Amino acid sequence: MAKKKETQEYVQRIHELCDAAFELDYGPAKIALLEEAVQLADAHNDVELGYEVRQYLVDAATFGGSPDISLVAFAWCVARYDEDPDSFDPEPLYWKYKWIATAAPKFPTISRVQIEQLLDDMYRRYVAAGIGLHPFYQTRRNAHLFMGDIPAAQKDHEQVLRHERNFMSDCIACEQDSVVRLHLETGDLAQAEAAAKPIFEKRLKCAEVPHRTYAMFLLPLLENNAAELAKAYHRSGLRLIKVQPGFLQEAARHILFLTITDNLAAAVRLTQRYLPIYAASRCPAWRFDFERILAFVCQRLAQVSPSLRLRWPAHFPLPEGLDPQDYLSLAQYFRNQAQQMAQAFDARNGNNYYHSLWTQLDTWSQRLRPLTL
């Protein structure tokens, strides 16, 4: 009787942890509750419950700024399914494969061979399950985009167009947003605007779109004489992303827009709101994007507004001895951090995509376009 009571208590506790997590927005607190639930299931060797809770953890970590946690939890689930396929539902894995295969390229420590093997495994499982390949090519296109392999992404996109959508395809809004990004990466603003039209006309939307879409267009519009439209997208985009871990990259784009338009005080305020999220982020690709922008913000503060204070959160991981108000040294520090990350990504990807993003730092000061907001 005592053993049965103990069993009921741990299961009840896991359900309580999951219920509490479901009430929270995406972020560290939600992830922590689900990690505790996973640990409790593992402590009682409850593989079935561990599998179920990890499905929730993959979701929370993917959209809560910790894709490294989702990678580990997903790999555990795949291993358990392969050991005993009759005991687990594989359909959640098929859907989450898309998240995992696009998260892996954001970590330079995951080799290109490993990423391609992951994609090959996804392909094999989809074929074996009789799932059409439209979502697979969507995923591979996006993975290649994140690796800066634009020619490969274009070839994948051709395959996307040849295959019909199915129940595993991304939502139409996310799919359209990915097409927009592909056109922007190739420098085709007109095609990107055409692809984004149904999004901006509010005919397509989801939990992440148009949040990401607005952010992608800020600089291209500003530099193509559409400043008022860029300003409108900035305002709309900020209202949508709020302060959420999953939108660190988008926040960086908005901060860059504010800095380039000479709205430095507003850029500092937005930077301060996202500094805790940056400090806690475990995604190298997102950190790289934010570090580039931090370097530029600090550079501009040193050049034109040294009296404007950028307040760092308590325990922010700055190097010992670095004055938190020495903006010139801070700019160099974040510039070096971003450069190291760019080198790691390019070595893995076999191209100079991240280096080209890093060198944009040298051009932004010459691309200032003052704009009243």
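These remarks concern the structure in this document. (Residues numbered from 1 in each chain as written. Predicted model: local features only at pLDDT ≥ 70, side-chain atom pairs only at ≥ 80, totals over all residues. Heavy atoms only, no water.)

1. Let's talk about the state of the cysteines
Disulfide: a covalent bond formed between the sulfur atoms of two cysteine residues.
Item 1. As enumerated under the stated definition, the model contains 0 disulfides in all.
Item 2. Between Cys174, a free cysteine, and Cys206, which holds the nearest cysteine sulfur, the sulfur-to-sulfur gap is 3.6 Å. (Disulfide = S-S within 2.5 Å.)

2. Side note on the pattern of salt bridges
Item 1. Summed over all chains, the structure comprises 24 salt bridges.
Item 2. Between Asp121 and Arg125 there is a salt bridge; the shortest N-O distance is 2.8 Å. Of the two residues, Asp121 and Arg125 are both situated in helix 6 (residues 112–129); the distance of 4 residues between them amounts to about one turn of the helix. Judged on exposure class, the residue Asp121 and its partner Arg125 are both buried.
Item 3. A salt bridge links Arg287 to Glu291, with the shortest nitrogen-to-oxygen separation between them at 4.0 Å. Separated by 4 residues within a single helix, Arg287 and Glu291 lie in helix 15 (residues 284–304), roughly one turn from each other. Of the two residues, Arg287 and Glu291, neither departs from the other in class, the shared state being buried.
Item 4. Because the salt bridges share partners, they merge into one network encompassing Asp82, Asp121, Arg124 and Arg125. (Salt bridge = Lys/Arg side-chain N within 4 Å of Asp/Glu carboxyl O. Helix = DSSP H or I, 4+ residues; strand = E, 2+ residues; numbered from the N terminus. Buried < 20%, exposed > 50% of the residue type's maximum accessible area, 1.4 Å probe, protein only.)

3. Quick notes on the nonpolar core
Item 1. Residues Phe217, Tyr274, Phe290, Trp312 and Phe334 are the most contacted members of the largest nonpolar core, which totals 72 residues.
Item 2. Of the residues forming this core, the biggest block, 11 residues, is contributed by helix 15.
Item 3. For Tyr274, the contacting residues outside a window of four places in its chain are Ile241, Lys242, Val243, Gln244, Phe247, Leu248, Ala251 and Phe290. (Core = buried A, V, L, I, M, F, W, Y, C linked by side-chain atoms within 4.5 Å. Contact = heavy atoms within 4.5 Å.)

4. Quick notes on helix 11 (residues 211–222)
Each turn of an α-helix holds 3.6 residues, which means side chains three or four residues apart point in the same direction.
Item 1. With 12 residues, helix 11 extends 18 Å from end C-alpha to end C-alpha; this agrees with the ideal 16 Å at 1.5 Å per step.
Item 2. With respect to burial, helix 11 is a largely interior element, 11 of its 12 residues being buried.
Item 3. Residues His211, Arg212, Thr213, Tyr214, Ala215, Met216, Phe217, Leu218, Leu219, Leu221 and Leu222 constitute the buried set of helix 11.
Item 4. Next to the buried residues of helix 11 lie helix 9 (172–185), helix 10 (189–200), helix 12 (227–241), helix 13 (248–260) and helix 18 (361–364). (Expected span 1.5 Å × (residues − 1).)

5. So, the environment of Arg181
Item 1. Relative to the assigned elements, Arg181 resides in helix 9.
Item 2. Sequence separation of Arg181 and Asn142 is 39 residues, and the distance between their C-alpha atoms is 9.3 Å.
Item 3. For Arg181, the contacting residues outside a window of four places in its chain are Leu145, Phe146, Met216 and Tyr353.

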